[in-house]
Amino acid sequence: MNEINAIVSDIKKGNIKPIYFLMGEEPYYIDKISDFIEDTVLDEAEKGFNQQVMYGRDATIEDIVGAAKRYPMMAERQVLIVKEAQDLSRTIEKLVSYAENPQPTTVLVINYKYKKLDKRKKLHKVIAKAGLVFESKKMYENQVSDWIRRVLSGQKYQIEPKASLMLVEFLGTDLSKISNELDKLMLILPKETIISDKHIEENIGISKDFNNFELRKAVGEKNIVKANRIINYFAENPKNNPLVMTISLLNSFFTQLLMFHGLKDKSKSSVAKTLGVNPYFVDEYFVAGRNYPMRKVAQVIAFLRDADVKSKGVGAKQTPDDILKELLFKILH
């Protein structure tokens, strides 16, 4: 975030680079920076003659260089944005000669999604010297909840931990998808709202009572009735509750529970920090720790590995529902 804020701040101050090479696994920030340049560097009167968008699948490096070398018309600079530039990955190194001597009146923005330049090669070095190379890295699941909280806080909203994790579970780590859902919530809910699991259920359609986090809690409590209600709901809504995701979350929980048993310092703050979990969920580990001694936890992890293999169709003819039911029976008994 600090790097992105610095880029935006420099552009606002007029410290504009001749080349912006935006690359990496997370497209959200690539789009944000590119859109900001597209929206702000030129005024509306200048854009008609001096702003152009090209697409990697339709252009060659020679086309891009030719366009970049043009002079602006009745403006200080022109902006050339190349979207989906990853389609030019086989020939991207041909950009070296232009990057060594870029047109000072052109702002060339290259959106190179899901890929990145080899830092050892010349192109990366010359662009880093003449312009700016930005790598947008994929966030881990445990980072996305904090990102959601920061985004909402900047717009004068708050969110409960469970509600945040429901979004991550349902939407994964795709920041663009999550951002779209947050925008919907902020349109509906007034500022200063503390977004709850109920808000998520009512406005996004994710069940607050029948989800993987409630299943994890029920399993940790050894609440057989609740666990079975949840997996029956999953069986009726398989598209929203894929077995692979359920197994993955349970595996993470029991792996953390194994670590929990090995902790010397079991203060809540230490548990949260060591396990990398939100303090809101720490009590679940104390409850599960009483219900599952270390030997049982190791056994459960073996059950989960076996179920994971079966879920991928290896050596099993069971349906996903049957695999999950068998797994829960083994864990809870």
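Being a predicted model, the structure only gives us computed values, none of them experimental.

J.: Sorry if this is basic, but what is going on with the sheet that holds strand S5 (residues 132–135) here?
T.: Through backbone hydrogen bonds, the strands of a sheet pair up, either in parallel or in antiparallel fashion. On the basis of which strands lie adjacent, the open sheet formed by five strands has the order S2-S3-S4-S1-S5 and parallel pairing. Looking at which strands have only one partner, the edges of the open sheet turn out to be strand S2 (51–55) and S5. For this sheet, the mean inter-axis angle between neighbouring strands, taken without regard to orientation, is 15 degrees. Across five bridges, strand S3 (residues 78–83) lies against strand S4 (residues 106–113) in parallel orientation. Its bridge partner lying in S4, Val-79 is registered against Val-107. In this fold helix H1 (residues 2–13) packs onto strand S1 (19–24) and S5, with an angle of close to 145 degrees to the strand it touches most, S5. Contacting S1, S2, S3, S4 and S5, helix H2 (residues 27–40) runs over the sheet at an angle of about 160 degrees to S4.

J.: Would you take a moment to explain the side chain of Ser-207 for this structure?
T.: Along the polypeptide, Ser-207 turns up in the loop between helix H10 (197–204) and helix H11 (212–221). Judged by its relative accessible area of 9%, Ser-207 is buried. A polar atom in the side chain of Ser-207 sits 3.3 Å from the backbone nitrogen of Asp-209. In contact with Ser-207, other than residues within four places in its own chain, are Met-166, Glu-201 and Tyr-233.

J.: What is the right way to look at the packing of H11 against helix H12 (residues 224–236) in this model?
T.: For any two helices packed against each other, one specifies the inter-axial angle together with the distance between the axes. The contact between H11 and H12 brings their axes to 8 Å, and the two run at 150 degrees. In terms of orientation, H11 lies roughly antiparallel with respect to H12. With respect to the hand of their crossing, H11 and H12 are arranged in left-handed fashion. Touching Asn-212, Glu-214, Leu-215 and Ala-218 of H11 are Lys-226, Ala-227, Ile-230, Ile-231 and Phe-234, all from H12. Split into classes, the residues belonging to the contact of H11 with H12 amount to six nonpolar, one polar and two charged.

J.: Mind showing me how you'd approach the pattern of salt bridges here?
T.: Two side chains that carry opposite charge are able to pair once their charged atoms sit near each other. Enumeration over the complete set of coordinates arrives at 22 salt bridges. Glu-181 is paired through a salt bridge with Lys-184; the nearest N and O atoms lie 3.3 Å apart. With Glu-181 and Lys-184 both in helix H9 (residues 175–188) and three residues apart, this pair spans about one turn of that helix. A salt bridge links Asp-308 to Lys-312, with the shortest nitrogen-to-oxygen separation between them at 3.0 Å. Relative accessible area serves as the criterion here: at 23%, Asp-308 is assigned to the partly exposed category. Classification of Lys-312 as exposed rests on a relative accessible area of 55%.

Each value, and the rule that gives it
Residues numbered from 1 in each chain as written. Predicted model: local features only at pLDDT ≥ 70, side-chain atom pairs only at ≥ 80, totals over all residues. Heavy atoms only, no water. Pairing = 2+ DSSP bridges. Helix = DSSP H or I, 4+ residues; strand = E, 2+ residues; numbered from the N terminus. Axes fitted to C-alpha atoms, helices over the stretch in contact; angles between N-to-C directions. Contact = heavy atoms within 4.5 Å. Buried < 20%, exposed > 50% of the residue type's maximum accessible area, 1.4 Å probe, protein only. Polar contact = N/O pair within 3.5 Å; in protein donor to acceptor, adjacent residues only side chain to side chain. Parallel < 35°, antiparallel > 145°, perpendicular 65-115°, else oblique. Left-handed = near helix turned anticlockwise from the far one by under 90°. Nonpolar A, V, L, I, M, F, W, Y, C, P; charged D, E, K, R; others polar. Salt bridge = Lys/Arg side-chain N within 4 Å of Asp/Glu carboxyl O.

Interpretation note: all reported values are geometric properties and have no functional meaning in isolation.
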